[in-house]
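A closer look at the structure
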Amino acid sequence: MSIDRSFYRSVCMLVLPMALQNLINVAVHSADVVMLGKLGETALSASSLAGQVQFIMTLFFFGLTSGAAVLTAQYWGKGDLPTIEKIIGIALRFSLVMSFAFMAAVLLFPAQVMRIFTPEPDVIQEGIKYLRIVCLAYPLMGFTMIYLNIMRSVERVVVSTMVYLCSLVANVILNALLIFGLCGFPRLGIQGAAIATLIARALELVIVVFYDRRMNRVVNFHFSSLWARDRLLFRDFLHFSIPVTLNELMWGLGTSMNAVVIGHLGSAAVAANSVAQVARQLATVIAFGIANATAILIGKAIGENSYDKAQLYAKRLTRLTLITGTLGALIILCVRPFLMETMNLSELACGYLSVMMFVMSYFVIAQSFNTTMVVGVFRAGGDTRFGLFLDVSTMWGCSILLGAVCAFFLHWSVPAVYIVLLSDEIIKIPLTALRYKSKKWLRNVTR
């Protein structure tokens with residue numbers, strides 16, 4: 001009984017702050033959607049599609065930190081703190097280069113970037129206004145995301161929650177002031193939303209630097225670690241990070257490709273999908289928190305060479321994520337009528353939204369299970385290549401390919417195309433279940 005109580009206490013201590021952080025991130029995005037939705041479908045669609053650039057960039061960051069977490073969680077279980085600090089430096093080296101590259105691409109070619117996602121001139125022009133400002137925040141995110149995500153893997157999860165909570169408050173207040181011109185501020189519309197995001201990201205960086213210098217007594221960032229040379233550790237980092245980064249990139253590009261297909265079906269479909277995606281994010285905050293906690297707890301157990309404990313944790317956390325995924329589906333069905341009434345959408349967009357919300361209700365159950373398996377259980381033991389195979393085969397080989405055919409060649413209706421585009425998580429379930437039973441993921445990768 002004491003073991004059970006200790007386990008679930010550890011789960012709560014990890015999941016609740018991470019779930020709250022996920023909820024905060026959704027709230028930030030929701031604030032943009034709700035406020036820009038008041039301006040009309042053009043502004044809403046433009047910000048949503050322009051946000052795909054940041055989404056793809058953050059996939060690189062998440063891939064780097066997920067690959068790093070394979071090592072840091074196990075070295076944390078081993079108690080090797082100097083090695084963890086070297087891993088932070090290696091991950092930041094990659095993330096900063098990547099963030100500046102994305103910023104340069106957006107500053108130089110904003111129109112070309114927007115045309116990837118939509119052919120509508122009005123949406124492109126609004127998206128350019130948004131991108132030229134918000135891209136300045138990319139390097140700031142490149143530092144804070146890597147640092148905070150690695151802090152998660154050493155069980156320091158509260159700091160990221162506090163950072164993003166402060167960011168949320170600043171973002172919402174500045175959105176209201178700058179989008180609508182309240183309290184004497186200029187009415188800037190979509191540009192106001194971009195400025196609010198930039199300021200909020202700068203605030204995040206300030207808080208992270210203060211925490212690292214004044215409050216963190218466990219693992220710290222040192223500028224010298226950016227240039228640290230450790231050939232074996234660097235090779236291990238690449239071995240685990242490259243498959244995870246490619247996995248996240250293929251998954252993210254697949255999600256963006258879904259947005260491209262939907263973007264060519266009209267602004268009504270784009271606006272409806274923007275709202276449906278917010279509902280999905282809201283419904284999966286706890287499930288994604290469980291997935292991240294799974295990676296930490298199982299990785300630490302494997303680092304301690306406690307393989308039986310790792311298997312027991314995997315079984316319990318899988319059961320828990322199915323419960324939370326089902327609760328998420330119920331949340332989507334409950335908020336469906338509220339969203340349809342409050343959003344300033346056309347009658348056509350409301351019709352699309354009605355179907356999309358129903359599709360999301362079963363989609364989140366499958367996504368919760370698959371995410372805990374791939375991001376949590378498999379990666380904790382260094383099994384980083386299976387997720388890449390899974391997404392390439394099910395997304396690109398099935399749902400995206402068939403969705404594009406249904407949209408552009410068979411000319412199916414928007415709801416029918418949407419169902420096909422979101423079929424990949426259902427296809428993944430038997431594949432992830434078989435991989436879990438094989439126990440090929442159960443490995444200690446520390447040196």
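Preceding this section is the structure that the text describes.
Now for a look at the structure at hand.

Attention now moves to the overall build of the protein. Helices and strands together make up the secondary structure of the protein, namely 16 helices and zero strands. A compact globule built from 447 residues would reach a C-alpha radius of gyration of about 22 Å, and the protein, at 21 Å, matches this within 12%. Projected onto the principal axes, the alpha-carbon positions of the protein cover approximately 60 × 45 × 40 Å. Contacts spanning at least 24 positions in sequence make up 85% of the contacts within the protein whose residues lie at least 6 apart. Entry remark: accessible area of the protein is about 18100 Å², with carbon and sulfur atoms responsible for 69%. Taken together, the 35 basic and 22 acidic charged side chains of the protein have centroids lying 8 Å from each other.

Here the focus is the packing of helix α11 (residues 285–303) against helix α13 (residues 347–380). Where α11 contacts α13, the two axes come as close as 8 Å, and the packing angle between them is 20°. The angle between α11 and α13 falls in the class roughly parallel. Between α11 and α13 lies a crossing of right-handed hand. Touching A287, F288, I290, A291, N292, T294, A295, I298, G299 and I302 of α11 are Q367, S368, T371, T372, V375, G376, V377 and A380, all from α13.

Take the packing of aromatic side chains next. The description of an aromatic ring pair rests on the distance of the ring centres and on the angle between the ring planes. Applying the stated rule across the entire model yields 10 aromatic pairs. Judged by centre distance (5.8 Å) and plane angle (65°), the ring pair of F60 and F102 falls under edge-to-face. Pair noted here: F60 is in helix α2 (residues 41–78) and F102 is in helix α3 (residues 81–108), with a separation of 42 residues, a long-range link. Accessibility assignment for this pair places F60 and F102 in one class, buried. Note on F94 and F234: the rings are 6.1 Å apart at their centroids and 15° apart in plane angle, and the pair reads as stacked. Placement of the pair is F94 in helix α3 and F234 in helix α9 (residues 231–263), with a sequence separation of 140 residues.

Moving on, we come to helix α16 (residues 424–438). Since one α-helical turn is 3.6 residues long, residues separated by three or four positions face the same way. Taking 1.5 Å of rise per residue, 15 residues should cover 21 Å, and α16 covers 22 Å from first to last C-alpha, within 8% of that figure. Among all positions of α16, only D424, E425, K428 and T432 are buried. Here the buried face of α16 lies against α9, α13, α14 (385–408) and α15 (414–421). Downstream of α16 by a residue or two, K439 has a phi angle that is positive, lying close to 65°.

In this structure the tally under the stated criterion is 11 salt bridges. Here E155 and K300 are joined by a salt bridge, their closest N and O atoms 3.0 Å apart. In this pair, E155 sits in the loop between α6 (138–153) and α7 (158–180) while K300 sits in helix α11, placing the two residues 145 residues apart along the sequence. In this structure, the salt-bridge partner of D424 is K428, at a minimum N-O distance of 3.8 Å. With D424 and K428 both in helix α16 and four residues apart, the pair spans about one turn of that helix. Here D424 and K428 have matching classes, each one buried.

The rules behind these values
- Residues numbered from 1 in each chain as written.
- Predicted model: local features only at pLDDT ≥ 70, side-chain atom pairs only at ≥ 80, totals over all residues.
- Heavy atoms only, no water.
- Helix = DSSP H or I, 4+ residues; strand = E, 2+ residues; numbered from the N terminus.
- Rg over C-alpha atoms; globule rule 2.2 N^0.38 Å.
- Contact = heavy atoms within 4.5 Å.
- Areas by Shrake-Rupley, 256 points an atom, 1.4 Å probe, with all protein chains shown as cover.
- Lys, Arg positive; Asp, Glu negative; His and termini not counted.
- Charge placed at Lys NZ, Arg CZ, Asp CG, Glu CD.
- Axes fitted to C-alpha atoms, helices over the stretch in contact; angles between N-to-C directions.
- Parallel < 35°, antiparallel > 145°, perpendicular 65-115°, else oblique.
- Left-handed = near helix turned anticlockwise from the far one by under 90°.
- Phe/Tyr/Trp six-rings, centres within 6.5 Å; stacked < 30°, edge-to-face > 60°.
- Buried < 20%, exposed > 50% of the residue type's maximum accessible area, 1.4 Å probe, protein only.
- Expected span 1.5 Å × (residues − 1).
- Salt bridge = Lys/Arg side-chain N within 4 Å of Asp/Glu carboxyl O.

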